[in-house]
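Reading the structure
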Amino acid sequence: ILAQAILAQTLAQSSRLASNNTAGPLAVIAMFVHRLIAVLVSIACTCGAATAEDVKQCTHALAGMPSDRIADTDTEEDHTSFLQMRSSRKGPLEKTTENAEEGTPLWSQSITAPAQNVASEDACLNDPASFDTTLDVAVPRAQTKYWNFTVPPMSSSTEDYSYAMEQAFVVLPSRCVLRLGLEPNVGDADRLINQWMGRIEELATAPKATTSSERDVILAHCACGWAIFAHGSGGFTYDNPRYSIMLAAAGYGVLAPDSFASSTGLRYKAPLKNLSSRLREANTRQQNLSFWCENNVYDPTSGCTAAMENQTSSPSYPLCYNSDPQAILSHTEDWRAFYERVFRLRQLELDYVVAHLPEYIRQAPKVFLVGESEGGMAAARYSNPELEKLLASGGRIILQWSCESNYYTSCSEDAGVGGAKSTPILNMISAHDPYFSASPESVAFKVANDPRGYGQWPLTGNCFAKLLDQGFENATVIVLAHTIYHGLTVNTANVARALMKAFLAEPRAFKNVGLKNFEPSGNDLCTELQRSQGVTLLICRELGDEDSVPASQVSACAYKSYEFHKEYYEYGTYEMCASGI
């Protein structure tokens, strides 16, 4: 079957090449043999991997099939669809071939090994003293899109980062909403508006808890537990509120510090006033429910313009950025130091949050640290003794981050996962993630695969190898094969929701018990690729086999360049604490 599929595609491509007098019979045979060998090698690697290095090679091959044009969620680049990949009930790796980009091999991708990149063994740039100085960051000369910029010295006092907690977002499950007497204002993709979202200060409007002590008592017991959620580089937008609503639908309260809340800080987006009432009004219109909106929480006229942008029409901020491979490659030392400052910002914000956690989180039966993209990097790397005590009851959920040395870190050490090795971990990332995957089109690949670049080689595109190398005892890594997007809620929301719900319910038993519901003996959404020591690697597909549809068929406020799998499917049982009673 594989041979027939590859032959058909090879002949189709060769006919196009022949029309340009660029392919003869020998070239057709060569193309076919090359592609068939690539597939067989990938299968053999997947089935026979026995060591950590085998796993790296295997995952690298897997994540590179196919790898074509992909969209940039955080910088909102226009999306060009290269392949309509539909999930199939027959198995997680089956793909359709219609609408494939012309001339692109479906099952193989040529990957060229780079010359040793310049920073592969460089020292880490994470000395705390270095953050007290001004950082000059340069960009390529022969272009006009960007210009050189500076990042000012960063205060080491956590009090200067209190804004993140003071303006944090809170998402509450239905039982907490009922017990506080709040009006529900958000809901999951099932179109049921039974949860609540607002800024933390808006909790004071709860009719049934007029004092902070009354709220603490209710919030400590109305939820199954609490998640501290670290948003991505674009703030609490796109996938971030969707993940948070999914967590709340599973019965968990969510506290999401806002890294964009300081108007005098390193980055800023102006907030919408009276957020909870605005959301309640927005969700009275079924055709425009906020779940799919790209931005529900910030003033739409107040974007965080990157200081690197060559413009003077709007205020700009040094830690808003575009991850442009050519800019990074032009001055790698500058950019390695720059991304360490991004992590330093998130670290200081989380330090303040942990020091000032509400009692209802400290008393919660389970506590999780969750993050996506930039926030996923922060959630993976961040470690605090006080937080680790709480995470022993829950775990870490690392979304849209690969836990490996790439352009986002200054050295291999900085890609490590923090915390106790016994803490349960769930990592989920797209096989075709445009930033961190092993796809030749990802930013990480382009930077690592260049003699001027840095980062480990080969890339794996997920956290498996790092967790294995560090000796984590209870970790699960999920590669989602059927999405081309950075965010996992665009067209793999159902499987992401189901996996998170199962992990939240039994974090310590998930790897050995909860996952069985997703393997062939269960709903057959996932295939195990490797299990070694305390770490398991799986590839999973979406729950539901409908085609993705344009944003206009989902919601008027959905990101217009994306195609969404809008059908909602529920899978798995809820914890009793998730009921609205």
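Below is a summary of the structure that appears in this document. Just so it is clear, the structure is predicted and the values come from calculations on it, not from any experiment.

Parameters and conventions
- Residues numbered from 1 in each chain as written.
- Predicted model: local features only at pLDDT ≥ 70, side-chain atom pairs only at ≥ 80, totals over all residues.
- Heavy atoms only, no water.
- Axes fitted to C-alpha atoms, helices over the stretch in contact; angles between N-to-C directions.
- Helix = DSSP H or I, 4+ residues; strand = E, 2+ residues; numbered from the N terminus.
- Parallel < 35°, antiparallel > 145°, perpendicular 65-115°, else oblique.
- Left-handed = near helix turned anticlockwise from the far one by under 90°.
- Contact = heavy atoms within 4.5 Å.
- Buried < 20%, exposed > 50% of the residue type's maximum accessible area, 1.4 Å probe, protein only.
- Pairing = 2+ DSSP bridges.
- Nonpolar A, V, L, I, M, F, W, Y, C, P; charged D, E, K, R; others polar.

Here we look at the packing of helix 7 (residues 239-249) against helix 16 (residues 493-505)
Closest axis-to-axis distance for the helix 7/helix 16 pair is 10 Å, and the angle between their directions is 45°. Considering the angle they form, helix 7 stands oblique to helix 16. Seen from above, helix 7 lies across helix 16 with right-handed handedness. Of the residues in helix 16, those in contact with Tyr243, Met246 and Leu247 of helix 7 are Ala493, Arg497, Met500 and Leu504.

Quick notes on the pairing of strand 7 (residues 252-256)
In terms of residue burial, strand 7 counts as a mostly covered element, since five of its five residues are buried. Burial of the side chains of strand 7 extends over both faces: Tyr252, Val254 and Ala256 are buried on one face and Gly253 and Leu255 on the other. The sheet contact formed by strand 3 (residues 169-172) and strand 7 spans three bridges and is antiparallel. In the sheet register, Phe169 faces strand 7, and the bridge partner there is Ala256. Looking at chain direction, strand 6 (residues 225-230) and strand 7 are connected through four bridges and run parallel. The partner of Gly225 across the bridge, within strand 7, is Tyr252.

Considerations on the packing of helix 10 (residues 332-355) against helix 12 (residues 374-381)
Packed helices, taken two at a time, are described by their axes: the angle between them and the distance between them. The geometry of helix 10 relative to helix 12 is characterised by a closest axis approach of 10 Å and an angle of 70° between their N-to-C directions. As summarised for this structure, helix 10 and helix 12 are arranged roughly perpendicular, according to the angle between their axes. As for the relative orientation of helix 10 and helix 12, their crossing is right-handed in sense. Contact residues: Glu340, Val342, Phe343 and Arg346 in helix 10; Glu374, Gly375, Met377, Ala378 and Arg381 in helix 12. Taken together, the residues that form the contact of helix 10 with helix 12 break down as four nonpolar, one polar and four charged.

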